[in-house]
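Next come the chains, spelled out residue by residue.
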Amino acid sequence: LEWMDNETRAHAIEKLEAMRFEVGYPEGWPETAKWQPLDLTGGFFADMETIALQRSERSRERVFEKPDRNKWTHAATTVNAYYS
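As the structure is a computational prediction, the values presented were derived from the model and not from experiment. (Residues numbered from 1 in each chain as written. Predicted model: local features only at pLDDT ≥ 70, side-chain atom pairs only at ≥ 80, totals over all residues. Heavy atoms only, no water.)

### A word on the overall build of the chain
Secondary structure assignment for the chain yields two helices and zero strands. Pairs at least 24 residues apart make up 46% of the contacts formed inside the chain by residues separated by at least 6 positions. In the structure as shown, the chain presents an accessible area of about 8100 Å², 58% of it carried by carbon and sulfur atoms. (Helix = DSSP H or I, 4+ residues; strand = E, 2+ residues; numbered from the N terminus. Contact = heavy atoms within 4.5 Å. Areas by Shrake-Rupley, 256 points an atom, 1.4 Å probe, with all protein chains shown as cover.)

The structure is reproduced here in structure tokens:
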């Protein structure tokens, strides 16, 4: 790129090399050992509440965990143009 000076080019290359490309599927599957088996025998609304409570509990636990940069926060079919 002729229009970039050397310093800007060096920063651009550094930024490009730091990008992670998430294409296809994640490297590993979610850790499910901590998940409790769900009793989904209470009917639709009770079961939805049970699922929501478990998801909420897991979200609260993640507040105190170190961020996992390999965790996908979106479906593999989601098209997005951001990087981390």
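### Regarding the packing of aromatic side chains
Tallied over the entire structure, the rule returns one aromatic pair. Ring geometry for F44 versus F45: centroids 5.1 Å apart, planes at 80 degrees, classification edge-to-face. We note that F44, like F45, is exposed. (Phe/Tyr/Trp six-rings, centres within 6.5 Å; stacked < 30°, edge-to-face > 60°. Buried < 20%, exposed > 50% of the residue type's maximum accessible area, 1.4 Å probe, protein only.)

### Structural notes on the environment of L38
Among the secondary structure elements, L38 is positioned in the loop between α1 (6–18) and α2 (44–62). In sequence terms L38 and I51 are 13 residues apart; their C-alpha atoms lie 7.6 Å from each other. Residues in contact with L38, not counting those within four places in the same chain, are T50, I51 and Q54.

### Concerning the environment of L40
Structurally, the position occupied by L40 is in the loop between α1 and α2. Among residues more than four places away in sequence, those in contact with L40 are D47, T50 and I51.

### Digging into the pattern of salt bridges
Counted by the stated rule, this structure contains two salt bridges. Residues R58 and E65 are paired through a salt bridge, measuring 3.0 Å at the closest nitrogen-oxygen approach. Through salt bridges with shared partners, one network takes in R58, E61 and E65. (Salt bridge = Lys/Arg side-chain N within 4 Å of Asp/Glu carboxyl O.)

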